[in-house]
Amino acid sequence: MSVNIIVAYSQSLQIGYQNELLCKLPNDLKRFKEMTQNNYVVMGRRTLESLPSVLSNRHNIILTRNKNYKSPTGTFVYHSLEEVIEKYHNHNADKQELWIIGGSEIYNQAMQYADKLYITRIEHQFEHADTYFPKIDLSQWRKIETVYNWADKDHEHDYTYLTYERKN
Ligand SMILES: NC(=O)c1ccc[n+]([C@@H]2O[C@H](COP(=O)([O-])OP(=O)(O)OC[C@H]3O[C@@H](n4cnc5c(N)ncnc54)[C@H](OP(=O)(O)O)[C@@H]3O)[C@@H](O)[C@H]2O)c1
C-alpha cells in the first residue's frame, strides 16, 4: 500500500502543452493502464478535462477548489489533497494503491506524500510546453529501476522508465 506518482516528462521536465500531453507513446499508455488498474487515481481538474473520458476500472478522484464543480458520473470530487491522503491512509481497507496522475499543480503538492515515483523520461526536448514536473531532490530518492526503450514506428522518441523509492 503506497502513494505513487506516475508521470511522463521530457529531458527538461516538460509534461504538457495547452492542456494536452506532449506526444503519444502507446506502450507507455498501456503500462500506465496496467499499473493503475483497479486502484485509486488522483488528478487535478485540468487533467480530468484533458482526458477523452473518465479512466475505466479505476476509482477516479478529482481535485478542484470549486465547491460547485459538476464532475462526470463515477468520479469522486475532493477539495483538499491532504484530505485524500489522510482518508487513503486511514480508511483503505482493501489495500489498493494510490496513484497521483497529475498534472503539474498536483505533482508539486503531492511530492511530499509520495513513496515511489514512476517516471517515463521521454528522451527529447519539445519546442512548446507550458507545464512541468518539479525538480526531484535526489538526496531524498533512491533509483531502483531503469529500463531503456528505443523509438520505433509507433514511438517517435526513445523513452526510459525510471523508478525511485523514497530513502528512509
Ligand atoms: N505528462 C504527464 O504525465 C502528464 C500527466 C497529467 C497531466 N499532464 C498535463 O498537465 C497539464 C495539466 O496540469 P495543470 O498543472 O495545468 O493542472 P492540474 O494539476 O491537472 O489541475 C489543476 C487544478 O486542480 C485543482 N487543484 C489544484 N490544487 C488543488 C488543491 N490543493 N485542492 C483542490 N483542488 C486543487 C484546481 O482546480 P480548480 O481550478 O477547478 O479549482 C486547479 O486548477 C495538461 O497539459 C496535461 O496534459 C501531463
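For the structure given in this document, a descriptive report is provided here. (Residues numbered from 1 in each chain as written. Predicted model: local features only at pLDDT ≥ 70, side-chain atom pairs only at ≥ 80, totals over all residues. Heavy atoms only, no water.)

Observations concerning the site of the ligand
As a reminder, the rule being used: Throughout, the term near means that a residue has one or more heavy atoms lying within 4 Å of the molecule or strand in question. What qualifies as a polar contact is a pair of N or O atoms within 3.5 Å, subject to a donor-acceptor requirement within protein and to the restriction that residues adjacent in sequence count only when both atoms come from side chains. Only the protein chains shown count as cover for residues, with accessible areas throughout obtained via the Shrake-Rupley method and a probe of 1.4 Å. Of the grid points, spaced at 1 Å and generated over the protein atoms alone, those admitting a 1.4 Å probe that cannot get out make up cavities, while open sets with protein on both sides within 12 Å along at least five of seven lines make up pockets; any residue with an atom within 4 Å of a point is treated as lining. To qualify as sitting in a cavity or pocket, a molecule needs more than half of its atoms within 2 Å of the grid points. Only DSSP runs of H or I with at least four residues qualify as helices, and only runs of E with at least two residues qualify as strands; both kinds are numbered from the N terminus onward.
If you check the shell around the ligand, you find 26 residues, and the closest are Ala8, Arg46, Thr47, Thr64 and Gln109. In the model, an oxygen atom of the ligand is placed 3.0 Å from a nitrogen or oxygen of the Gly103 main chain. Relative to its free-state accessible area of 940 Å², the ligand is covered by the protein chains to the extent of 90%. Because more than half of its atoms lie within 2 Å of the grid, the ligand is assigned to the largest pocket. Those elements that place two or more of their residues in the shell around the ligand are strand E1 (3-10), strand E2 (14-16), helix H2 (45-50) and helix H4 (104-110).

Considering the layout of surface pockets
For clarity, the cut-off: Grid points are joined across faces, edges and corners, and a volume is the space filled by probe spheres set on the points. Here the nonpolar group is Ala, Val, Leu, Ile, Met, Phe, Trp, Tyr, Cys and Pro; Asp, Glu, Lys and Arg are the charged ones; every other residue, Gly included, is treated as polar.
Put simply, the largest pocket is a space of about 1,400 Å³. Forming the boundary of the largest pocket are 50 residues, of which Leu21, Thr47, Ser50, Ile101 and Gly103 lie nearest the centre. Going through the elements one at a time, E1, E2, helix H1 (26-36), H2, helix H3 (81-91), H4 and strand E7 (116-122) are the ones with two or more residues in the lining of the largest pocket. Tallied by class, the residues present in the lining of the largest pocket amount to 21 nonpolar, 17 polar and 12 charged.

Description of the pairing of E1
Worth spelling out the cut-off: Whether a residue is buried, partly exposed or exposed follows from its accessible area with a 1.4 Å probe, protein chains only, as a fraction of its type maximum: under 20%, in between, or over 50%, in that order. What makes two strands pair is DSSP finding at least two bridges between them.
Extensive coverage of E1 is indicated by the burial of seven of its eight residues. Pairing of E1 with strand E6 (residues 98-100) involves three bridges; the strand directions are parallel. Among the inter-strand pairings, Asn4 is bridged to a residue of E6, identified as Trp99. Summarising the sheet, E1 and E7 pair through seven bridges and their orientation is parallel. What sits directly across from Asn4, in E7, is Lys116.

With respect to the sheet that holds strand E4 (residues 59-63)
Filter applied, for reference: Geometry is summarised by axes, namely lines fitted to C-alpha atoms with helices restricted to the contacting stretch, and by angles between N-to-C directions that run from 0 to 180 degrees. Note on contacts: a residue pair qualifies if any of its non-hydrogen atoms lie within 4.5 Å across the two residues.
Overall, mixed pairing links the eight strands, which are arranged E5-E4-E3-E6-E1-E7-E10-E9 in an open sheet. Strand pairing shows two members of the sheet lacking a second neighbour, strand E5 (75-78) and strand E9 (141-149), which therefore form its edges. Between one strand axis and the next, the sheet turns by 20° as a mean value, whatever way the strands run. Where strand E3 (residues 40-44) and E6 come together, three bridges link them in parallel fashion. What sits directly across from Val42, in E6, is Ile100. Across the sheet, H1 is in contact with E1, E3, E6, E7 and strand E10 (159-166); its angle to E10 comes to roughly 30°. Lying on the sheet, H3 is in contact with E1, E3, E4, E5 and E6; it crosses E6 at an angle near 160°.

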